[in-house]
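Below are the chains, spelled out letter by letter.
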Amino acid sequence: MGFEPPRRLATALRERHGDAAADDWLGRLPGLAERVPGEAGLTVERVVAPGGRDSLVLLVHDEAGEPAALKLAPPFTRPDLEREALAHWNGWGAVRLLGQAPEGSLVLERLHPEVSLRSLPEAKALLEAAGTVRKLWVEPPAGHGFETVAARTARQAEAMEPHRADAVAGDLTAAALAAREELLAAPAEELLLHGDFRQGKVLAGDRAPWLAVGPDPLVGERAYDLARLVRERVEDLVASSAGAPAARRRVHKLADSLDVDRERLRGWTLFRTVESGARALAAGRRQEAEWLLEFAAWL
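Remember, predicted model here, so these are calculated numbers, not experimental data.

## Thoughts on the sheet that holds strand S9 (residues 210-212)
Stage number 1. Spatially, three strands are ordered S6-S8-S9 in an open sheet, and the strand pairing comes out antiparallel. The open sheet terminates on both sides in strands that have one partner only, identified here as strand S6 (112-116) and S9. Averaged over all pairs of adjacent strands, the angle between their axes in this sheet comes to 55°, without regard to strand direction.
Stage number 2. Sheet topology note: the S6/strand S8 (residues 202-204) ladder contains two bridges and is antiparallel. Across the sheet, Ser 116 pairs through a bridge with Leu 203, a residue of S8.

Given below as structure tokens:
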């Protein structure tokens, strides 16, 4: 099965993990996509396009002809942790793990990759997203290997430090870093989190209407996990004359519907939005960065 690695995957891996590591794995990816399905007894139907930002997903059939999906991910994205989280959820609110294939790849329940919550009107999408993420917040398994919110955000905060002097993002960066310090200083819950929860990570299924995919799992408080969802469709909010009050209402509505403290959700939303904006600036995605930073300023 000859193909070029999807552009979105290549761009995201290089931005997040560096050119050397990304290019090494991307160079091996066509061979992996050719070899691994056969070794796992799977027949490839097609590649999911445009696909994700950290893996290649193939729609496959197993030896009995049953549909499934095969996820190929580089080892530096820690697919072993995704496997551990999916096994712990066991299909509750998330795609079901069916097995493991060579090279650390995952065999997953077949969902409908072309239908995510982003296909729904905004209000309905947020309602369904809240109902889905609520199921994922469970006690982590004993002896787990997941990192904590504190550890992950420490790395992000270090990368953000140079932006304190940025003419565009300096003040917001300082506010975001201060918010993180304040949030971590107060006691918080320790639950298993999706880690990258947003509308595009919730797909239509047959076993359940909506199921989460692609976790980047970690352990911490629900407000952190919910924060990425707050800025959904940020470009639409920025284009609206009522964007600022709409953003603040969204914080309050999501916090209240999921029994999360409003101020903690606001704080983590500020940090995660500015962190994403700083990465976008560094990668030269200026339009995206401007949307994110404007949104963060409203909080």
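## Here we look at the sheet that holds strand S3 (residues 67-72)
Stage number 1. Taken together, the five strands give an open sheet; going across it, the order is S1-S2-S3-S5-S4, and neighbouring strands pair in antiparallel fashion. Edge strands, defined here as strands with exactly one partner in the open sheet, are strand S1 (43-47) and strand S4 (97-100). Across the sheet, the mean angle from the axis of one strand to that of its neighbour is 30°, orientation sign disregarded.
Stage number 2. Two strands pair when backbone bridges link them, and S1 and strand S2 (residues 56-61) are joined in this way by four bridges, in the antiparallel orientation. Within the sheet, the bridge partner assigned to Val 47 lies in S2 and is Leu 58.

## Side note on the environment of Glu 139
Stage number 1. Tracing the backbone shows Glu 139 in the loop between helix H4 (122-136) and helix H5 (149-160).
Stage number 2. Between the C-alpha atom of Glu 139 and that of Leu 193, which follows or precedes it by 54 residues, the distance is 9.4 Å.
Stage number 3. Once residues lying within four places of it in the same chain are set aside, the contact partners of Glu 139 are His 88, Glu 190 and Leu 191.

## Remarks on the environment of Pro 209
Stage number 1. Considering the arrangement of structural elements, one finds Pro 209 in the loop between S8 and S9.
Stage number 2. Between the alpha carbons of Pro 209 and Glu 128 there is a distance of 9.3 Å; along the sequence they are 81 residues apart.
Stage number 3. The contact partners of Pro 209, leaving out residues within four places of it in the chain, are Leu 203 and Ala 204.

## A word on unusual backbone geometry
Stage number 1. Positive phi outside glycine occurs at Glu 103, with the angle close to 65°.
Stage number 2. Even without a glycine there, the phi angle at Asp 259 is positive, about 55°.
Stage number 3. When you line up the elements, Asp 259 lands in the loop between helix H9 (243-257) and helix H10 (262-282).

About the criteria used
Residues numbered from 1 in each chain as written. Predicted model: local features only at pLDDT ≥ 70, side-chain atom pairs only at ≥ 80, totals over all residues. Heavy atoms only, no water. Pairing = 2+ DSSP bridges. Helix = DSSP H or I, 4+ residues; strand = E, 2+ residues; numbered from the N terminus. Axes fitted to C-alpha atoms, helices over the stretch in contact; angles between N-to-C directions. Contact = heavy atoms within 4.5 Å.

Function-wise, these values are silent; they only describe arrangement.
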